[in-house]
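Coordinate analysis (summary)
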Amino acid sequence: MHKIALWPWLAIAWRWRIVIMLSLLAQSWCAGSALSSGSRTSAGSDGPEADGPRATLAGAYSERQPGSVPAEEAVEDSLQTIHDIATENLGALCLTKLYSPLKITLNPERYTGARQKADLAAVVLQDVGVSRHNGLLDALAKGLLSDAHVTSARILSINATDGLLTNSVWWNKEPGGMGAPLRIEAEGIAIGTKPDPTYPWFEDESSSPGLRSPKFTPPPPNIAYRGWWTYPYYSCGQKKWILSYSVAIPPMGRHGIRGFLSIDIDISDLQVNQCNNPNRFEILSYNQHLRQYYPFVRNLKLGEDEQLRQIEAFHGSHKCHVHSMRCEYRPVVTSVISGAAPLTMSLSNGTGLASLAAASSASSSSASHGINGTLGGAIGPSVLVAAGTPLQTVINGWTRGAYQCRCKDGYYSFRHPDGFNGSIMEVAYQEYRDNISAYYKEVFVCVRCALGCATCTGPEPCLASYNWAFRTTLLTFSVMCAGFTVVLALYMYQHRKVKVFKVASPIFLTITLLGCAFMYLEMAAIFPILDTYACIATKWTRHMGFCVTYTALLMKTWRVSLTYRVKSAHKVKLTDKQLLQWMVPILLVMFIYLGTWTLSAPPTAEKIEDQYGLIFKQCSYNWWDHSLAIGEVLFLAWGIRVCYNVRNAESLYNEAKLISYAIYNIALVNTTMVAFHLFIFPQAGPDIKYLLGFIRTQLSTSVTIALVFGPKVLRILRGQGDQWDQRARKRGITASFSLNGIGLVPEETADLYQENEELKKFRNSLLKLNS
């Protein structure tokens with residue numbers, strides 16, 4: 001009786017135990033890495049993958065890096081392939097070739113877990129050999145199907161000498177993931193033959209060492225793994241878009257059996273988004289940072305999974321006119337299913353531009369609901385939807401032209417207000433490139449809005465028109481008025497020694513005319529189309545002119561008020577110099593306020609609309625304006641109180657009363673014009689507002705000049721400038737006393753005896769009047 005050696009069986013059992021443990025470890029590890037898709041490095045740097053045929057490359061992976069960016073022709077060819085597969089509904093294409101690869105690179109980040117499992121299985125097979133354990137191949141292949149994305153797994157044993165197959169295993173997952181895996185017996189991997197070279201996932205390592213073949217994409221620069229990713233391709237047999245990962249397993253010796261492992265990943269759920277996607281890297285970098293410092297966080301930021309499902313190579317390949325249109329991605333909704341049983345939807349349409357002009361409006365309307373219309377609405381391969389869901393939307397992401405071209409702000413399309421269907425733009429661009437038609441450049445365009453329109457729906461103007469002839473007339477009259485004040489100042493200087501001007505303080509009259517000239521020049525500041533500089537000039541001329549003019553007048557009236565209220569028999573002397581000392585701080589406060597306003601927050605011209613919706617610019621109003629308005633109201637209130645106090649005071653040439661009328665007038669005019677702007681003409685156009693400004697200037701400034709200077713000039717023209725008015729003579733008011741009340745103190749000061757005599761005469765006259 002022969003003794004059976006136990007050590008070979010123990011060695012086999014021990015190896016199986018190692019394989020099972022490694023498989024369980026890989027499943028648990030890859031499940032975690034699949035959740036945290038931001039992890040971009042594998043464990044190969046610490047494990048056996050570091051010994052593989054590929055070394056880790058530095059840098060961040062991106063399909064759009066220099067040197068790896070697919071050329072425009074490759075993208076266009078890939079889009080054409082997608083369109084052909086969709087529109088021909090697997091017809092002529094699948095009769096000539098079973099696989100239709102694209103020419104673009106896909107980011108495999110979503111499938112890191114499946115790749116790591118395949119690499120681990122390749123390491124196990126390299127250690128134990130691909131030909132020693134027949135059951136091991138089946139176990140590993142079916143184990144790879146446990147990944148949710150993997151639909152097929154295959155392991156080949158190839159004679160390293162002649163390249164013939166010695167063994168093969170091919171397992172497919174049931175559609176929908178239901179049921180047990182199915183083993184496939186394909187003619188292309190029959191035992192004793194060479195594998196079919198037309199398979200997109202296979203390459204003979206003897207002819208392409210290291211699997212460096214055009215079938216496989218260039219490696220991402222920051223991930224180390226053993227195998228190669230294929231280009232995305234369409235499988236006519238499975239009717240799916242597939243991405244395969246293949247690993248070459250070296251033989252144990254120079255002439256042994258080498259292995260080949262490959263998995264297929266169903267990428268039919270990816271989306272061909274041809275629009276730009278500027279938010280992708282912001283979303284992904286945020287989540288990568290989050291997981292780096294908080295590894296326990298597994299939730300994806302809103303939108304990250306959607307970003308990973310989009311094929312980056314197609315971003316920016318839309319045919320919208322970039323200068324006038326914006327692209328909006330519209331996934332193609334094939335149906336909304338009320339779940340009772342599994343249902344497969346497959347639709348297809350195709351068109352040219354023969355009927356494009358007539359039906360484009362209806363097509364763009366249907367596209368606004370995310371459904372491609374009859375014009376180029378190509379629906380791709382069928383999508384299987386499992387039952388059990390009350391309502392489920394079926395979206396086909398593999399569609400060219402699944403977007404909408406909308407006009408940017410400032411542009412419009414009269415015939416297509418809702419935008420242009422992306423399928424239309426694709427066909428129009430193709431015909432334009434082939435010199436078939438010029439619809440793309442002539443019809444399917446957005447037209448610039450009228451000048452000044454932020455948005456529009458037609459060529460109607462958005463800016464209010466300016467009647468420049470009318471405005472020029474008002475401006476000319478206002479400038480003439482400003483020039484008149486200068487002439488009046490020179491006239492007053494020429495007659496400065498005439499009593500009617502001399503007793504009224506010529507220096508304050510000159511300051512008043514200077515302020516009036518500033519107020520007139522406001523019409524020049526608001527004459528053009530307003531901007532920041534015009535608004536600054538408007539605030540300065542309006543408020544500084546107001547402050548200079550009416551401060552000078554109120555100083556004169558205040559002097560009359562103080563003199564009138566004195567009960568003492570002695571004179572109260574307030575000289576012009578003393579009044580100027582009170583006036584300068586007021587003007588300085590206004591100057592500092594306006595200067596601070598100009599330097600810190602200068603007023604700007606903001607756009608407003610008139611009653612017809614037309615846009616024009618008006619100077620902004622904020623708390624700076626409101627604070628200054630409150631200050632001016634309080635200033636006028638004080639002025640009205642001073643004028644009320646001197647209502648019965650006697651003054652030479654009745655000047656105090658005329659100044660009071662001017663103060664009452666400016667208060668009434670400002671109040672009335674504010675009411676006009678706010679309540680009567682709240683949406684007036686630019687010309688009406690300019691007219692209101694002209695009326696306010698004339699009613700305030702011109703009336704003030706007429707009240708203060710009109711009687712004086714009239715007396716000089718009549719030759720009565722050096723005569724006292726009849727009322728002063730009748731009341732016995734002498735020149736010396738009058739100068740103390742309303743005018744300049746004369747250069748020659750009266751002696752004490754003369755003053756006492758004048759006071760006695762004044763008292764006697766008052767006693768006679770009272771009796």
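This is a predicted model, so every value here is computed, not measured. (Residues numbered from 1 in each chain as written. Predicted model: local features only at pLDDT ≥ 70, side-chain atom pairs only at ≥ 80, totals over all residues. Heavy atoms only, no water.)

**A word on the overall build of the chain**
The test is simple: The way it works is that DSSP assigns letters per residue, a run of H or I at least four long becomes a helix, a run of E at least two long becomes a strand, and they are numbered from the N terminus. Accessibility here uses a 1.4 Å probe with only protein chains present; expressed as a share of the type maximum, an area under 20% marks a residue as buried, one over 50% as exposed, and anything in between as partly exposed. All accessible areas in this document rest on Shrake-Rupley with a 1.4 Å probe, and a residue is counted as covered only by the protein chains that are shown.
When you go through the chain residue by residue, the secondary structure sums to 22 helices and 19 strands. The burial tally for the chain puts 47% of its 771 residues in the buried class. For the chain, the computed accessible surface area is about 38,800 Å², with 61% contributed by carbon and sulfur atoms.

**What to know about a positive patch on the surface**
Operational definition: Only residues whose relative accessible area exceeds 30% and that form no salt bridge enter a patch; like-charged residues are grouped when within 9 Å of one another, and nonpolar side chains (Val, Leu, Ile, Met, Phe, Trp, Tyr) when within 5 Å. When a carboxyl oxygen of Asp or Glu is within 4 Å of a side-chain nitrogen of Lys or Arg, the pair counts as a salt bridge. Within this scheme the basic residues Lys and Arg register as positive and the acidic residues Asp and Glu register as negative, but His and the chain ends are omitted. Taken as the charge location is NZ of Lys, CZ of Arg, CG of Asp or CD of Glu.
Taken together, the side chains of Arg496, Lys497, Lys499 and Lys502 present a region of like positive charge at the surface. Here Lys497 shows up in the loop between helix 11 (468–494) and helix 12 (499–502). Here Lys497 falls in the exposed class, since its relative accessible area comes to 68%.

**Points about the UniProt feature "transmembrane region" (unreviewed entry) in the chain**
The condition is simple: UniProt positions are given in the numbering used here, feature names are shortened, and annotations may be inferred rather than shown by experiment.
As annotated by UniProt and renumbered to match this structure, "transmembrane region" (unreviewed entry) occupies residues 468–493, 500–520, 540–558, 579–601, 621–640, 661–682 and 688–709. In residues 468–493, helix accounts for 100% and strand for 0%; the two terminal C-alpha atoms are 37 Å from one another. With 96% helix and 0% strand, the stretch residues 579–601 has end C-alpha atoms that lie 33 Å from each other.

**As for the state of the cysteines**
What counts here: Our working definition of a disulfide is a cysteine sulfur pair at a distance within 2.5 Å.
Evaluation of the coordinates by the stated rule reveals six disulfides. There is a disulfide in this structure between Cys275 and Cys327, and the S-S distance comes to 1.8 Å. Taking the sign of the torsion about the S-S bond as the criterion, the disulfide between Cys275 and Cys327, at about -60 degrees, is left-handed. Of this pair, Cys275 sits in the loop between strand 8 (257–266) and helix 6 (280–293) while Cys327 sits in strand 9 (residues 325–329), and the two are 52 residues apart along the sequence. The exposure class of Cys275 is buried, given its relative accessible area of 3%. Note on cysteine connectivity: Cys449 is disulfide-linked to Cys456, with sulfurs 1.8 Å apart. Classification of the bridge connecting Cys449 and Cys456 rests on its S-S torsion, roughly -85 degrees, and on that basis the disulfide is left-handed.

**Looking at the nonpolar core**
Inside soluble globular proteins, nonpolar side chains tend to come together where they are buried. Selection criterion: Throughout, nonpolar core names a set of buried Ala, Val, Leu, Ile, Met, Phe, Trp, Tyr and Cys residues whose side chains join them through atoms within 4.5 Å. Whether two residues are in contact is decided by their heavy atoms, any of which lying within 4.5 Å being enough.
Leu125, Leu261, Ile263, Ile267, Ile311, Phe314 and Trp398 are the most contacted members of the largest nonpolar core, which totals 47 residues. Within the residue set of this core, elements represented by two or more residues are helix 2 (72–87), helix 4 (112–128), helix 5 (134–144), strand 2 (150–159), strand 3 (165–172), strand 7 (240–249) and strand 8. Sequence-distant contacts of Ile267, defined by excluding residues within four places in its chain, comprise Leu106, Tyr111, Pro232, Trp241, Ile242, Leu243 and Trp398. Core analysis: the next-biggest nonpolar cluster, separate from the first, contains 29 residues, Val500, Leu513, Leu553 and Ile659 among them.

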